[in-house]
Amino acid sequence: TLEGKTLGLLDISKAKGDIFLDRLEELFSDRGVKVRRYKKPTFAKPAPLKLIQEITKEVDIVVEGLADWGSCTSCSLQDIRELDSRGIPGGYVASEPFEVAAQSHGDAIGFHADGIFVSHPIQDRNIEEMKELAETFFESILGLICKKST
């Protein structure tokens with residue numbers, strides 16, 4: 001259950017990811033979940049230490065997204081590992097073609113975060129399609145964070 005918990009949504013700064021996360025925020029808020037939003041300066045690097053520290057102080061669980069390329073998927077995995085090491089469990093959302101890359105990177109760093117893999121491509125979608133994507137995968141994302149929050 002997420003009762004009394006604060007969910008962090010970490011935007012990796014990829015185009016259209018904010019639309020996806022905006023809709024997730026609405027869906028979580030509609031269920032009474034307190035949500036805080038964060039944004040990385042770039043998807044090409046792990047989150048800066050200052051941002052990791054801020055998230056650690058303010059939330060109980062985190063979801064990072066929306067990764068749709070190999071480098072941003074590996075950076076998301078590194079961010080989730082860092083937050084997990086600080087007591088903040090979470091997962092990430094990436095597009096399907098990068099599931100194997102996430103597994104390989106997890107093997108390389110000795111950490112496997114839970115991921116939800118959405119249909120690809122992301123960049124070609126319009127605003128309504130991005131909202132629909134968030135709605136389609138909301139229950140899976142909710143299940144991921146409920147599992148992590150126990």
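For the structure, check the block above.
Just so we're clear, the structure is a prediction, and the values are computed from it rather than from any experiment. (Residues numbered from 1 in each chain as written. Predicted model: local features only at pLDDT ≥ 70, side-chain atom pairs only at ≥ 80, totals over all residues. Heavy atoms only, no water.)

### Digging into the packing of helix α1 (residues 17–30) against helix α5 (residues 127–148)
Here's step 1: At a closest axis distance of 8 Å, the pairing of α1 and α5 adopts a crossing angle of 55 degrees. It follows that α1 is oblique to α5 by the angle criterion. For the element pair α1 and α5, the recorded crossing hand is right-handed. Contact residues: α1 offers I19, F20, R23, L24, L27 and F28, while α5 offers I127, M130, K131, L133, A134, E135, F138, I141, L142 and I145.
Here's step 2: Grouping the amino acids of the contact of α1 with α5 by side-chain chemistry returns 13 nonpolar, no polar and three charged. (Axes fitted to C-alpha atoms, helices over the stretch in contact; angles between N-to-C directions. Helix = DSSP H or I, 4+ residues; strand = E, 2+ residues; numbered from the N terminus. Parallel < 35°, antiparallel > 145°, perpendicular 65-115°, else oblique. Left-handed = near helix turned anticlockwise from the far one by under 90°. Contact = heavy atoms within 4.5 Å. Nonpolar A, V, L, I, M, F, W, Y, C, P; charged D, E, K, R; others polar.)

### Observations regarding the pattern of salt bridges
Here's step 1: Considering all chains together, one arrives at 13 salt bridges under this definition.
Here's step 2: Between R31 and E139 there is a salt bridge whose closest N-O contact spans 2.5 Å. Here R31, found in the loop between α1 and β2 (34–39), pairs with E139, found in helix α5; they are 108 residues apart in sequence, far enough to count as distant.
Here's step 3: By relative accessible area, which is 49% here, R31 ends up partly exposed.
Here's step 4: Residue E139 is classed as partly exposed on the basis of its relative accessible area of 46%.
Here's step 5: Its salt-bridge partner being D79, residue K40 comes within 2.7 Å of it at the nearest N-O pair. Residue K40 is located in the loop between β2 and α2 (49–58), and its partner D79 is located in helix α3 (residues 70–85); the two are separated by 39 residues in the primary sequence. Across the pair, D79 and K40 agree in class, each one buried. (Salt bridge = Lys/Arg side-chain N within 4 Å of Asp/Glu carboxyl O. Buried < 20%, exposed > 50% of the residue type's maximum accessible area, 1.4 Å probe, protein only.)

### Concerning the environment of P97
Here's step 1: Mapping P97 onto the fold places it in the loop between β4 (90–95) and α4 (99–109).
Here's step 2: Put simply, P97 and K148 are 51 residues apart on the chain and 24 Å apart in space, counted from C-alpha to C-alpha.

### Some remarks on α3
Here's step 1: The first and last C-alpha atoms of α3 sit 23 Å apart over 16 residues, in line with the 22 Å expected at 1.5 Å per residue.
Here's step 2: Here α3 has its buried residues at C72, T73, S74, C75, S76, L77, D79, I80 and L83.
Here's step 3: Its buried side turned inward, α3 meets β1 (6–11), α2, β3 (61–67), β4 and α4.
Here's step 4: Backbone geometry just downstream of α3 places G87 in the positive-phi region, at approximately 90 degrees. (Expected span 1.5 Å × (residues − 1).)

### Structural notes on the packing of α3 against α4
Working note: a packed helix pair is described by the angle between its axes plus the distance between those axes.
Here's step 1: Contact geometry of α3 with α4 gives a least axis separation of 9 Å together with a crossing angle of 45 degrees. One way to sum up the angle between α3 and α4 is to call them oblique. Crossing hand, α3 versus α4: right-handed. Residues T73, S74, L77, Q78 and R81 of α3 touch α4, and the partners they reach there are A102, H105, G106 and I109.
Here's step 2: A per-class count over the contact of α3 with α4 returns three nonpolar, five polar and one charged.

### Comments concerning the packing of aromatic side chains
Here's step 1: For the coordinates displayed, the defined rule picks out two aromatic pairs.
Here's step 2: The aromatic ring of F43 is capped on one face by K14, whose charged end is 4.2 Å from the ring centroid. (Phe/Tyr/Trp six-rings, centres within 6.5 Å; stacked < 30°, edge-to-face > 60°. Lys NZ or Arg CZ within 6 Å of the ring centre and 35° of its normal.)

### Thoughts on the sheet that holds strand β5 (residues 114–118)
Here's step 1: Overall, parallel pairing links the five strands, which are arranged β2-β1-β3-β4-β5 in an open sheet. One side of each edge strand has no neighbouring strand; the edge strands of this open sheet are β2 and β5. The sheet shows a mean angle of 20 degrees between the axes of neighbouring strands, taken without regard to direction.
Here's step 2: Pairing analysis gives four bridges linking β3 to β4, with the strands arranged parallel. (Pairing = 2+ DSSP bridges.)

Take it as geometry only, folks, not as evidence of what the structure does.
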